[in-house]
Amino acid sequence: MAAPLRVRRQLPTSPWLFAAPGLLITGAFVLYPFVSTLVNSFTDRRTLLPGRFVGLANFRELVHDDMFWTGLRNSVLYVLVVVPALVVLPLLLALLVRRNIPGITFFRSAFYTPVVASIVVVGLIWVWLLDERGLVNSVLETVGIGRIGFLSDQWLLLLSAMAVTVWKGLGYYMVIYLAALANVPRELHEAAAVDGAGPVRRFLSVTVPAVRSTMVLVAALSSVAAFKVFSEVYLMAGPSGGPAGEDTTLVMLVQRTGTGLTGRVGYASALSVVVFAVTVALMLLVLRADRREEA
């Protein structure tokens, strides 16, 4: 009878033993950095100096920092342009590649290839394509249009980075939509066709309502990713953030401010807190809009 009693006494702790590795990793690489960033945002800490408590001074400085407003503007524009494209285009692409036609497997793999490619490799490829002496400008000059400063003009550079983000994310969200479309009953499309609905009407009246929850998920994921964009703009605009730093995003500003031997860790932490707050607000707005649509 003693052995079963010992097993019974060990049962309450067993789940914690299984969860301990995950909890330790989460605490070390998620919770601790988050709390540390929050604490540092109220200090004037630098890379090699511990710093002292300064209250809301870093946040007050943000209000008067022109680069902060530039970064916020670019990050918000990134969301406004990229998110609608990543909500609609992958859905249309999923509708296209789900058809069982010869060679469609090749196109499915081709559309998904940018997802698994390194963002550094993708960014460098697009820089070579859009450079002043790149392939795109060479073709434009050949046909008589002339060279375009994709990487030297403030707005064209930002739009080029957005195009890279959309191009790289198409395949990822296409797979999500393919899983959602597989659960749409074929009878709904057949009934709509019998009622005389054309392809566009069936798409708007059957497909979109059936995958609406997936569209909300894609909108939430893509909005957070777009607001926190870094690699695409950094690779195409350079560490300075384009001409006069006008293409700097908030995450680029965090990286530029908080790194190096003289990095202002406290100020960068305050910027990080703002980025976190805005991303949470974006997700809440998307979820609230979805609930309002359901109501």
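Keep in mind it's a predicted model, so treat the numbers as computed, not measured.

S.K.: Explain the side chain of Thr165 here, please?
M.R.: Position of Thr165 among the secondary structure elements: in helix H8 (residues 154–181). At 3.0 Å, the side chain of Thr165 and the side chain of Glu232 are in polar contact. Each residue touching Thr165, except ones within four places of it in the same chain, is listed here: Tyr78, Val82, Val229 and Glu232.

S.K.: How should I be thinking about the packing of aromatic side chains in this particular structure?
M.R.: Each pair of aromatic rings is reported with the distance of its centres and the angle of its planes. Counted by the stated rule, this structure contains eight aromatic pairs. Geometrically, the ring pair formed by Phe107 and Phe111 is tilted, given 6.5 Å between the ring centres and 35° between the ring planes. With Phe107 and Phe111 both in helix H5 (residues 104–116), this residue pair falls four residues apart, about one helical turn. Under the relative-accessibility criterion, Phe111 is labelled partly exposed at 28%. Among the aromatic residues, those joined into a cluster by ring pairs are Phe106, Phe107 and Phe111.

S.K.: It is not clear to me how the environment of Ala163 should be interpreted in this structure. Could you clarify?
M.R.: Residue position: Ala163 is located in helix H8. A sequence separation of 127 residues divides Ala163 from Ser36, and the C-alpha atoms of the two residues are 35 Å apart.

S.K.: Can you walk me through helix H10 (residues 199–210) in this structure?
M.R.: Residue pairs spaced three or four apart in an α-helix point in one direction, given the helix's 3.6 residues per turn. Compared with an ideal rise of 1.5 Å per residue, which puts 12 residues at 16 Å, H10 spans 15 Å between its outermost C-alpha atoms and is within 8% of the ideal. Residues of H10 that are buried: Phe203, Val206 and Thr207. Buried residues of H10, seen end-on, are gathered within an arc of 120° and therefore sit on one face of the element. Structurally, H10 contributes buried residues whose contacts are with helix H4 (66–97), H8 and helix H9 (186–194).

S.K.: Sorry, what's going on with the packing of H4 against H8 here?
M.R.: One way to put it is that H4 packs onto H8 with a least axis distance of 6 Å and a crossing angle of 40°. The angle between the axes of H4 and H8 places the two elements in the oblique class. Note on packing geometry: the crossing formed by H4 with H8 is right-handed. Split by residue class, the contact of H4 with H8 holds 25 nonpolar, four polar and one charged.

S.K.: Before we go on, may I ask you to explain a nonpolar patch on the surface in this structure?
M.R.: Residues Phe34, Val35, Leu38, Val39, Phe276, Val280, Leu284 and Leu287 make up a contiguous nonpolar surface patch of about 670 Å² in total accessible area. At the level of secondary structure, the elements contributing two or more residues to the nonpolar patch comprise helix H2 (14–40) and helix H14 (265–294). Relative to the elements of secondary structure, Leu284 occurs in helix H14. Residue classification places Leu284 among the exposed positions, given a relative accessible area of 54%.

S.K.: Explanation requested: the side chain of Ser160 in the structure shown.
M.R.: With respect to the helices and strands, the residue Ser160 is situated in helix H8. Here Ser160 falls in the buried class, since its relative accessible area comes to 8%. Only 2.7 Å separates the side chain of Ser160 from the backbone oxygen of Leu156, close enough to count as a polar contact.

S.K.: Looking at this model, I keep getting lost on the nonpolar core. Mind explaining?
M.R.: The tendency in soluble globular proteins is for nonpolar side chains to be buried as a group. One finds Phe68 and Tyr78 to be the most contacted residues of the largest nonpolar core, which totals 59 residues. Those elements giving two or more residues to this core turn out to be H4, helix H6 (119–130), H8, helix H11 (212–227), helix H12 (231–237), helix H13 (250–258) and H14. If you tally residues by element for this core, the top one is H4, at 13 residues. Residues within four places of Tyr78 in sequence aside, it is in contact with Val83, Leu158, Ala161, Met162, Thr165, Ala226, Val229, Glu232 and Val233.

Criteria and thresholds
- The numbering scheme is per chain: residues are counted from 1 as the chain's sequence reads.
- Local features in this predicted model are restricted to residues of pLDDT 70 or higher, and side-chain atom pairs are both shown and tallied only at a pLDDT of 80 or more, whereas totals for entire chains, interfaces and linings draw on every residue.
- Neither water nor hydrogens contribute to the side-chain values; these are computed over all heavy atoms in the structure.
- Note on conventions: DSSP H or I runs of at least 4 residues are helices, E runs of at least 2 residues are strands, and numbering of each starts at the N terminus.
- Polar contact criterion, stated in full: a pair of N or O atoms within 3.5 Å, where within protein one must be able to donate a hydrogen and the other to accept it, and residues adjacent in sequence count only if both atoms are side-chain atoms.
- It only takes one pair of heavy atoms within 4.5 Å for two residues to be counted as in contact.
- A pair of Phe, Tyr and Trp rings is counted when the ring centres sit within 6.5 Å of each other, with Trp represented by its six-membered ring. The angle between the planes then sorts it: under 30 degrees is stacked, over 60 is edge-to-face, the rest tilted.
- Partly exposed residues are those whose accessible area sits between 20% and 50% of the maximum for their type, while under 20% is buried and over 50% is exposed, using a 1.4 Å probe and protein chains only.
- The length a helix should cover is 1.5 Å for every residue beyond the first.
- Throughout, the arc means the angular range of directions from the helix axis out to the C-beta atoms.
- What counts as an axis is a line fitted to C-alpha atoms, over the stretch in contact for a helix, and the angles between N-to-C directions run from 0 to 180 degrees.
- Just so you know how the angles are binned, under 35 degrees is roughly parallel, over 145 roughly antiparallel, 65 to 115 roughly perpendicular, and the rest oblique.
- In a left-handed crossing the near helix is turned counterclockwise from the far helix by less than a right angle, and in a right-handed crossing that turn is clockwise.
- Charged means Asp, Glu, Lys or Arg here, nonpolar means Ala, Val, Leu, Ile, Met, Phe, Trp, Tyr, Cys or Pro, and polar covers whatever is left, Gly included.
- Each patch is assembled from residues with relative accessible area greater than 30% and no salt bridge, linking like charges that lie within 9 Å and nonpolar side chains (Val, Leu, Ile, Met, Phe, Trp, Tyr) that lie within 5 Å.
- Every accessible area reported is derived by Shrake-Rupley at a probe size of 1.4 Å, with residue values counting cover from the shown protein chains alone.
- Salt bridges are defined as contacts in which a side-chain nitrogen from Lys or Arg sits within 4 Å of a carboxyl oxygen from Asp or Glu.
- Joining through side-chain atoms within 4.5 Å is the link that ties buried Ala, Val, Leu, Ile, Met, Phe, Trp, Tyr and Cys residues into a set, and such a set is a nonpolar core.

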